[in-house]
Structure formats: C-alpha cells, structure tokens
Amino acid sequence: MILTDTHTHLYSSEFDQDREAMIARAISGGVTRFFVPSIDSTYTASMYELQAKYPENIYLMMGLHPVYVKENWETELAHVARELKQRKFYAVGEIGIDLYWDKSTLEIQKLAFKKQIQLAKQYGLPINIHCRNAFDEVFEVLESERDDKLFGIFHCFTGTSEQALQAISLNMKLGIGGVATFKNGQIDQYLHIIDLEHIVLETDSPYLAPVPYRGKRNESAYILNVAQKLAEIYSVSVEEIARVTTENSRKVYGI
C-alpha cells in the first residue's frame, strides 16, 4: 500500500528535533511520497537539503505563500521565477489568498496569485492553492485564468459542496486532510457525493492533525487516519483509498 502526502511542510522548525525519525515513521507506515510546498525564499535552502537527503521520496513545489505576500512580494516572485527556470519542480505552490491574518494585502495577494498561475501555465505545472477566509476571492482569480492549462490541487479544502464542484470544474483535485476527521469539519457530510477520482490526501503537517491527534503536532504518518476516515465515508477499504488517491496525485504531479 502506497500513501501519498500531497502537502507537508517537512522543513518546519517543529520537526527540528526528530525530522529523520518522523519521516522514517511515515515511510514505514506506507507514506512514501511527500510533496513539499514552498512558503518564501527563506525556506528554499532547507527544501533543497531535504530533497537531497530523500531523492526517492520528496518532491518540491516552488511558490510564494499568500501570508508572505508583503512589501517585497515582487522580489519574492522574482525568486520563484528564477528557481522555476533553474531546476525541476512538481507544482507552483502553495499560492492563493489568505484573509484570516491580513485583509489589507488583498490586492497584491490577488496579483501574486494570478502571476504565479501564469508561471505554472508557462512551465506546464499544476498549482497548489491555499485559501483561508477567501473562497470568493480565490474563485474570482481562478475563473479569470480558466483554460485547459489550469489544473492542480485545492489544498486543505474546507468549502461547501457547491464550492467543491466549482473547484473540480476548474480542473482541481480536492486536498483532504485532518479536517475530514473533525466533528465540526463539515466536509465529511458531503464528500460521499464527490467521486473519489477528484480526491487526494494530505496532512499539511505540522498543522491540522487528524483525530485522535487533534491539537497536537501533525506528521505525515497520520495520513493513515485520514485514509481510514475516507474509507468509512466511501465504504471501501483503506487500501483502495490509498490506491486511488495516489493515482490521482500522479495525474496531477506527473510522477
């Protein structure tokens, strides 16, 4: 059984004390594919070091996280463009809009999001979308870029069933993680109507740990708990969830 974590921040400082052990736990549990999003240029070196240590398991994205779209955003986007030109990445991400922390940067967030979508199209890459308190704004940008070159993953999807269908119509897979196991997560109420071919698994570790680890540090090994929840929702085996979602991740990331 091969499980794929389509979104995990393995370079996070929360793993500094036990990173290798944490990754080993995940691999021994069948999680052998880790897709690692970028935040901003300060994390690039540590991402490259990780990939060098685990070349058969770790696949990198490049992008500017919306929370880090600040006064220097154009300099940061230049870094993204330069790195995409120099080496292989598997997605442009994580990119999008976040209005939880700072609404004042909305206009430059939208610009950065749009420019990075266009970079993804230039390189034939998927995008990995971050959306927090900003579904309308994210969909506004996505709809403006809707075409055959637009595809990717709507990371940590927490929207309504209608928003799920809109995301799917835009060639997005839905990234499902720990929220699906929460009593108040809500997405578990309608996921059964979404065909499994549109779903990928993720942890977003070290954040959003699934039940029974909720409130604690998340790690990639816990993706099994998400797979078990989806097996209940779809009335199939965990092995089938692993097989289909890993195949879906291959279709998006090309590996």
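Residues numbered from 1 in each chain as written. Predicted model: local features only at pLDDT ≥ 70, side-chain atom pairs only at ≥ 80, totals over all residues. Heavy atoms only, no water.

Considerations on the pattern of salt bridges
Side chains that differ in sign of charge can pair as their charged atoms come close. Tallying each qualifying case throughout the model produces 13 salt bridges. The shortest N-O distance in the salt bridge between lysine 110 and glutamate 107 comes to 3.9 Å. Linking lysine 110 with glutamate 107, this pair stays in helix H4 (residues 106-123), spanning three residues, or about one helical turn. Take glutamate 107: its relative accessible area is 52%, and that puts it in the exposed class. Where lysine 110 meets glutamate 140, a salt bridge forms, and the shortest distance between an N and an O atom there is 3.3 Å. Of this pair, lysine 110 sits in helix H4 while glutamate 140 sits in helix H5 (residues 135-144), and the two are 30 residues apart along the sequence. Given a relative accessible area of 17%, lysine 110 falls into the buried group. (Salt bridge = Lys/Arg side-chain N within 4 Å of Asp/Glu carboxyl O. Helix = DSSP H or I, 4+ residues; strand = E, 2+ residues; numbered from the N terminus. Buried < 20%, exposed > 50% of the residue type's maximum accessible area, 1.4 Å probe, protein only.)

Some details on unusual backbone geometry
Of note, the bond from glycine 93 into glutamate 94 is cis; its omega dihedral lies within 30 degrees of zero at 0 degrees. Relative to the assigned elements, glutamate 94 resides in strand E4 (residues 92-98). The omega torsion of the bond from serine 205 to proline 206 falls at 15 degrees, within 30 degrees of zero and hence cis. The residue proline 206 is located in the loop between strand E8 (199-201) and helix H7 (223-234) in this model. Although it is not a glycine, cysteine 156 adopts a positive phi angle of roughly 50 degrees. Note on placement: cysteine 156 falls in the loop between strand E6 (152-154) and helix H6 (161-169). Taking the relative accessible area as the measure of exposure, cysteine 156 reaches 19% and is therefore buried. You will see that aspartate 204, though not glycine, has its phi angle at about 60 degrees, which is positive. Tracing the chain through its elements places aspartate 204 in the loop between E8 and H7. Judged by its relative accessible area of 9%, aspartate 204 falls in the buried class.

Digging into the sheet that holds strand E5 (residues 127-132)
Strand order in the open sheet formed by five strands is E4-E5-E6-E7-E8, and the pairing between neighbours is parallel. The open sheet terminates on both sides in strands that have one partner only, identified here as E4 and E8. Sheet twist, expressed as the mean angle between neighbouring strand axes with direction ignored, is 30 degrees. Sheet analysis places E6 next to strand E7 (residues 172-176), joined by three bridges and oriented parallel. Among the inter-strand pairings, isoleucine 153 is bridged to a residue of E7, identified as lysine 173. In the packing of H6 onto the sheet, contacts are made with E6 and E7, and the angle to E7 comes to roughly 135 degrees. Contacting E7 and E8, H7 runs over the sheet at an angle of about 150 degrees to E8. (Pairing = 2+ DSSP bridges. Axes fitted to C-alpha atoms, helices over the stretch in contact; angles between N-to-C directions. Contact = heavy atoms within 4.5 Å.)

Side note on the nonpolar core
Among the nonpolar cores identified, the biggest contains 77 residues, and Leu142, Phe154, Leu174 and Ile176 are the most heavily contacted of them. Among the elements that line this core, the one with the most residues is H7, at seven residues. Discounting residues that sit within four places of it in the chain, leucine 142 has contacts with Phe113, Ile117, Ile127, Ile129, Leu150, Phe154, Leu170 and Met172. Ala91, Val200, Val252 and Tyr253 belong to the second largest nonpolar core, which has nine residues in total. (Core = buried A, V, L, I, M, F, W, Y, C linked by side-chain atoms within 4.5 Å.)

Let's talk about the pairing of E4
Across the seven residues that make up E4, a large majority, seven, are buried. As paired elements, E4 and E5 share six bridges and run parallel to each other. In the sheet register, isoleucine 97 faces E5, and the bridge partner there is cysteine 131. Handedness of the β-α-β unit built from E4, H4 and E5 comes out right-handed. (Right-handed = clockwise from strand over helix to strand, strands pointing away.)

Digging into helix H2 (residues 44-53)
Where H2 is concerned, the buried positions are Thr44, Met47, Tyr48, Leu50 and Gln51. Burial along H2 is one-sided: seen end-on, the buried residues are contained in an arc of 160 degrees. Opposite the packed face of H2, turned more than 90 degrees from it, sit the exposed residues Glu49, Ala52 and Lys53. (Arc of directions from axis to C-beta.)

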